[in-house]
Amino acid sequence: MRIAVSLFFALAMILFGAEMFTNAVEWLGRKLNLGQGAVGSVLAAIGTAMPETAVPVTAILFGNGAKDATEVGIGGILGAPFLLATLGSLIIAIALLTARRPELGNELAVDKRGFSRDMSFFLLAYAVTVMTGAVQSRWLHSIAPFVLAGLYVVFVVFAIRDKQSTADESGHLNPLYLQWRKAEPSGWAVVLQLAISLGTIMGGAQLLTKGVEQLAMKFAIPAFVLSALLIPLATELPETFNSVVWIRQGKDALAFGNISGAMVFQSTLVPALGIWLTPWKLNPQAMITGGLTLCAAAMIFGLYRLSGKLSVGVFFATSLLYWILPLQLVAARYQLTSLYWLSAVVVGVAFFLSLRTGLSYRSV
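Residues numbered from 1 in each chain as written. Predicted model: local features only at pLDDT ≥ 70, side-chain atom pairs only at ≥ 80, totals over all residues. Heavy atoms only, no water.

A short note on the overall build of the chain
- A count of helical and extended segments in the chain gives 14 helices and 0 strands.
- For the chain, the succession of helices and strands along the chain, N to C, is α-α-α-α-α-α-α-α-α-α-α-α-α-α.
- Buried residues in the chain amount to 54% of all 364 residues.
- Counting only contacts in the chain whose residues sit at least 6 apart along the sequence, the fraction spanning at least 24 positions is 82%. (Helix = DSSP H or I, 4+ residues; strand = E, 2+ residues; numbered from the N terminus. Buried < 20%, exposed > 50% of the residue type's maximum accessible area, 1.4 Å probe, protein only. Contact = heavy atoms within 4.5 Å.)

Considering the packing of aromatic side chains
- A full pass over the atoms with the stated rule returns 11 aromatic pairs.
- Here F256 and F315 contribute two aromatic rings whose centre-to-centre distance is 6.3 Å and whose plane-to-plane angle is 45 degrees, an arrangement assigned as tilted. Placement of F256 in helix α9 (residues 252-266) and of F315 in helix α12 (residues 312-319) is noted, with a sequence separation of 59 residues between them.
- Here the aromatic residues F115, F256, F301, Y304 and F315 are joined through ring pairs into a cluster of three or more. (Phe/Tyr/Trp six-rings, centres within 6.5 Å; stacked < 30°, edge-to-face > 60°.)

Notes on the confidence of the model for the chain
- In the predicted model, the chain carries a mean pLDDT of 81, and the fraction of residues at 70 or more is 82%.
- The least confident element of the chain, judged by mean pLDDT, is helix α2 (residues 36-62) at 69; the most confident is helix α4 (residues 112-134) at 94.
- Low pLDDT, under 50, characterises residues 165-170; the predicted model gives this stretch 13 contacts beyond four residues in sequence or across chains. (pLDDT = per-residue confidence, 0-100.)

Things to note about the nonpolar core
- Membership of the largest hydrophobic core comes to 74 residues, with the highest contact counts inside it found for I92, L108, F115, F256, L310 and F315.
- Once you skip the residues sitting within four places of it in the chain, L310 turns out to touch N106, E107, L108, V110, F115, I300, Y304 and F315.
- In terms of nonpolar packing, the next biggest core, distinct from the first, is built from 14 residues, F82, L87, V225 and L327 among them. (Core = buried A, V, L, I, M, F, W, Y, C linked by side-chain atoms within 4.5 Å.)

Digging into unusual backbone geometry
- The backbone of W280 sits at a positive phi, close to 50 degrees, despite the residue not being glycine.
- In this structure, W280 sits in the loop between α10 (269-277) and α11 (284-307).

Observations concerning the pattern of salt bridges
- Enumeration according to the criterion identifies 4 salt bridges in this entry.
- One salt bridge connects E26 with K251, and the closest N-O pair in it is separated by 2.5 Å. Highlighted residues: E26 in helix α1 (residues 2-31) and K251 in the loop between α8 (237-248) and α9, separated in sequence by 225 residues. Like K251, E26 is buried. (Salt bridge = Lys/Arg side-chain N within 4 Å of Asp/Glu carboxyl O.)

Observations regarding the side chain of T289
- Position of T289 among the secondary structure elements: in helix α11.
- Here the side chain of T289 touches Q285 through a polar contact of 2.9 Å, landing on its backbone oxygen.
- Aside from chain neighbours lying at most four places away, what touches T289 is L78, G79, F82, Y126, F224 and L325. (Polar contact = N/O pair within 3.5 Å; in protein donor to acceptor, adjacent residues only side chain to side chain.)

Side note on helix α13 (residues 324-334)
- Within α13 the residues assigned to the buried category are I324, L325, L327, Q328, L329 and A331.
- Looking one or two residues beyond α13, the residue adopting positive phi is Q335, at roughly 55 degrees.

What about the environment of G348?
- Relative to the helices and strands, G348 resides in helix α14 (residues 338-363).
- Owing to a relative accessible area of 38%, G348 belongs among the partly exposed residues under this scheme.
- Spatially, the C-alpha atoms of G348 and L320 are 9.9 Å apart, while their sequence positions differ by 28 residues.

Focus: α9
- End to end, α9 covers 21 Å across 15 residues, agreeing with the expected 21 Å (1.5 Å per residue, within 8%).
- Along α9, the sharpest change in direction is near 25 degrees and occurs at N258.
- Counting buried residues along α9, 15 of its 15 residues qualify, which places the element largely inside the surrounding structure. (Expected span 1.5 Å × (residues − 1). Bend = angle between axes of the 7 residues up to and from the residue.)

In structure tokens form, the structure reads like this:
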């Protein structure tokens, strides 16, 4: 009961903090004269990525080279984009069906240039991250952190230069909560609300992480499973709930840019630190995680390039890939070979739904 109350309170903190954060970051973007893509892909993404980034970084820096600490660090680094690309897609799909205003429809109207930029940078950076762990080359291990850091610098420059705002996002902003009576809030109030909301989000995420850890210890879950599935599941909530808020408001570029920008951040700077400070040798579970993440992102990007749309069906199909990893881990631990076949069926259904969705839009 105590753990359940703690988890509920942590979730409430994250929800409240996400509402305040989305409100403040929009005002910050206006103050800095940034486009919606830069606000979602850079400002919002970096801010809300802090909770899940703190877990693997702390494990690596203060783990003293212990095997479990290294596994927690690598699992957290690879698991964060995996959760965003799969379960993040599921939450977007549910938000489009339930929180969306009817007149806006069930498709996510993203800016083509900003979406293509984010997904291209992510696929390239994450592929470098996985390849570095799969190919044990001292030369590759030495240059990969600099390549990843450089990619993120280039990404930020491109995002900030993009002033374009999509047509579905009007210039109207809700009043800042700390100065709700003013039509134009002061800069210090915007910064203060950002700090309060980030503190609330990070506090709730840490509390949620501790609760999840207690549950994992109770059921004797291995360290990699804890770091790759459970901890990111708790700490990725800020991105997804921020996106739900923006989907409800019809601000689709901010909604998906928040997720895709966080994926770019978590596939560049954070893996660069992990590769620099650890041997970065990926075990079979880590390779599966990396492969599924690349497949999920490639499905979203490929179907968008094929159909020009991001529908509920695309996100639901992509979210099915999430279940492959837990099925594989349970099958390996308890020697249940039937789960391997079930995993193959899930992959087949996901790709069938994706192909059907893409072809249906292409024929229209």
